[in-house]
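One letter stands for each residue in the lines below.
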Amino acid sequence: MSRLVTIYGGSGFVGRYIARRMAKEGWRVRVAVRRPNEAIFVKPYGVVGQVEPVFCNIRDDASVASVMQGADAVVNCVGILAPSGRNTFDAVQAEAPERIARLAAQHGITRMVQISAIGADAASNSVYSRTKAAGEEGVLRYMPGAMILRPSIVFGSEDQFFNRFAAMSRLGPILPVVGAETRFQPVYVDDVAQAAVMGITGAAEGGIYELGGPDVNTFRELMQEMLVVIHRRRAIVNIPFWAASVMGFVSDIVSKLSLGLIPAQVTLDQVRNLARDNVVADGAKGFEALGIHPTALEAVLPEYLWRFRPSGQYAEIKKSAKNLRT
């Protein structure tokens, strides 16, 4: 019988790429999610019955344990950018990873991969970063041989970074950003998935790996590159951190008073994160230790951002037509 991996959050942005790669490796894949009916799209990643979405509430011991029955490895991809209802930073990013690791150890599972983030720091002024660090600590407490992956900003066709700002660029001549000079090291989602697969299959040893792409760019430079890809000219305006902090504080209050009906456009915690560089630390293990050559940003962005061009998929055809007329 083929081996089985349970991927918590396996229908999310990073999780679906791990699920697809594990199916290609011949493993059975159990995708543990809150809404299985919305994760049906993962089934074609393998042959009939190879990839199955199942219900799981990561805040509940019994639910988490039930979906890891018979598994040879577990992966936790669940994370949030802002809290919502019972899905607080502590519940999702600190308690849930520890719960998964504790129950996996009790079930005799020896391999675990935890998707964390660059910047995870118990001493950070950001709740997001502190809970990421707490999650890592909880995992290593019960699964000391686990692989922990800390990616920088992850990009790919389903990302919430370039897609969001590309959509914003259609609204007017100005593109506002917070932390224009903050540095990032964007990493391709499938490269992160490849690293996770190495941890699941035992092709790489456990430990903490910081994952960044081949280039380091400021937020402003990333937006400039994106604008070139989508054929738009916009003035990139930096919002000072003091002003962004006020905006974040007000957005948080409005979101809470509306019980989440009005989502925060930017939270105070996100502003605090944007004040720090998001790059691989000197001396940290990364793609090189795994033998993976990370994919460059310019090789992927045009593949999915073309829809934000003024002429969409016809942009290149119109360009060729102009050349014919001349």
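Look above for the structure.
Residues numbered from 1 in each chain as written. Predicted model: local features only at pLDDT ≥ 70, side-chain atom pairs only at ≥ 80, totals over all residues. Heavy atoms only, no water.

### Focus: the side chain of arginine 232
Line of reasoning, step 1. When you line up the elements, arginine 232 lands in the loop between α7 (219-229) and β13 (235-239).
Line of reasoning, step 2. On the basis of relative accessible area, arginine 232 is assigned to the buried category, the value being 16%.
Line of reasoning, step 3. From its side chain, arginine 232 meets the backbone oxygen of phenylalanine 308 in a polar contact 2.8 Å long.
Line of reasoning, step 4. Discounting chain neighbours no more than four positions away, the residues touching arginine 232 are Ser169, Arg170, Leu227, Phe308, Arg309 and Pro310. (Helix = DSSP H or I, 4+ residues; strand = E, 2+ residues; numbered from the N terminus. Buried < 20%, exposed > 50% of the residue type's maximum accessible area, 1.4 Å probe, protein only. Polar contact = N/O pair within 3.5 Å; in protein donor to acceptor, adjacent residues only side chain to side chain. Contact = heavy atoms within 4.5 Å.)

### Examining the nonpolar core
Among soluble globular proteins, nonpolar side chains are generally buried collectively.
Line of reasoning, step 1. Counting 71 residues, the largest nonpolar core has Ile18, Leu149, Phe162, Met223, Met226 and Leu305 as its most contacted members.
Line of reasoning, step 2. Sorting elements by how many residues they give to this core places helix α6 (residues 189-201) first, with eight residues.
Line of reasoning, step 3. In terms of nonpolar packing, the next biggest core, distinct from the first, is built from 27 residues, Ala71, Ala96, Met112 and Ala146 among them. (Core = buried A, V, L, I, M, F, W, Y, C linked by side-chain atoms within 4.5 Å.)

### Structural notes on unusual backbone geometry
Line of reasoning, step 1. Phi at histidine 231 is positive, roughly 60°, even though this residue is not glycine.
Line of reasoning, step 2. Inspection of the secondary structure puts histidine 231 in the loop between α7 and β13.
Line of reasoning, step 3. On the basis of relative accessibility, which here comes to 41%, the residue histidine 231 falls in the partly exposed class.

### Structural notes on a nonpolar patch on the surface
Line of reasoning, step 1. Nonpolar side chains collect at one region of the surface, where Trp242, Val246, Phe249, Val250, Ile253, Val254, Leu257, Leu261 and Ile262 lie side by side and expose about 980 Å² of accessible area between them.
Line of reasoning, step 2. By the secondary structure assignment, valine 250 is in helix α8 (residues 241-257). (Patch = residues over 30% accessible without salt bridge, like charges linked within 9 Å, V, L, I, M, F, W, Y side chains within 5 Å. Areas by Shrake-Rupley, 256 points an atom, 1.4 Å probe, with all protein chains shown as cover. Salt bridge = Lys/Arg side-chain N within 4 Å of Asp/Glu carboxyl O.)

### Considering the packing of aromatic side chains
The way to describe two aromatic rings as a pair is by their centre distance and the angle between their planes.
Line of reasoning, step 1. Counted according to the given criterion, the structure contains nine aromatic pairs.
Line of reasoning, step 2. With centroids separated by 5.6 Å and ring planes inclined at 80°, the aromatic side chains of phenylalanine 184 and phenylalanine 219 adopt a geometry described as edge-to-face. Of the two residues, phenylalanine 184 sits in strand β9 (residues 183-184) while phenylalanine 219 sits in helix α7, which places them 35 residues apart along the sequence.
Line of reasoning, step 3. By relative accessible area, phenylalanine 184 is classed as buried at 4%.
Line of reasoning, step 4. According to the relative accessible area criterion, phenylalanine 219 is buried, its value standing at 2%.
Line of reasoning, step 5. If you follow arginine 20 out to its NZ or CZ, it ends over the ring of tyrosine 17, 5.1 Å from the centre.
Line of reasoning, step 6. The ring of phenylalanine 165 has arginine 164 lying over it, and the distance from NZ or CZ to the ring centre is 6.0 Å. (Phe/Tyr/Trp six-rings, centres within 6.5 Å; stacked < 30°, edge-to-face > 60°. Lys NZ or Arg CZ within 6 Å of the ring centre and 35° of its normal.)

### Some points on the packing of helix α1 (residues 13-24) against α6
Line of reasoning, step 1. The contact between α1 and α6 brings their axes to 8 Å, and the two run at 55°. Between α1 and α6, the crossing angle belongs to the class labelled oblique. Judged by the twist between their axes, the crossing of α1 over α6 is right-handed. Where α1 approaches α6, its residues Phe13, Val14, Tyr17, Ile18, Arg21 and Met22 are matched on the opposing element by Val189, Asp190, Val192, Ala193, Gln194, Ala196, Val197, Ile200 and Thr201. (Axes fitted to C-alpha atoms, helices over the stretch in contact; angles between N-to-C directions. Parallel < 35°, antiparallel > 145°, perpendicular 65-115°, else oblique. Left-handed = near helix turned anticlockwise from the far one by under 90°.)

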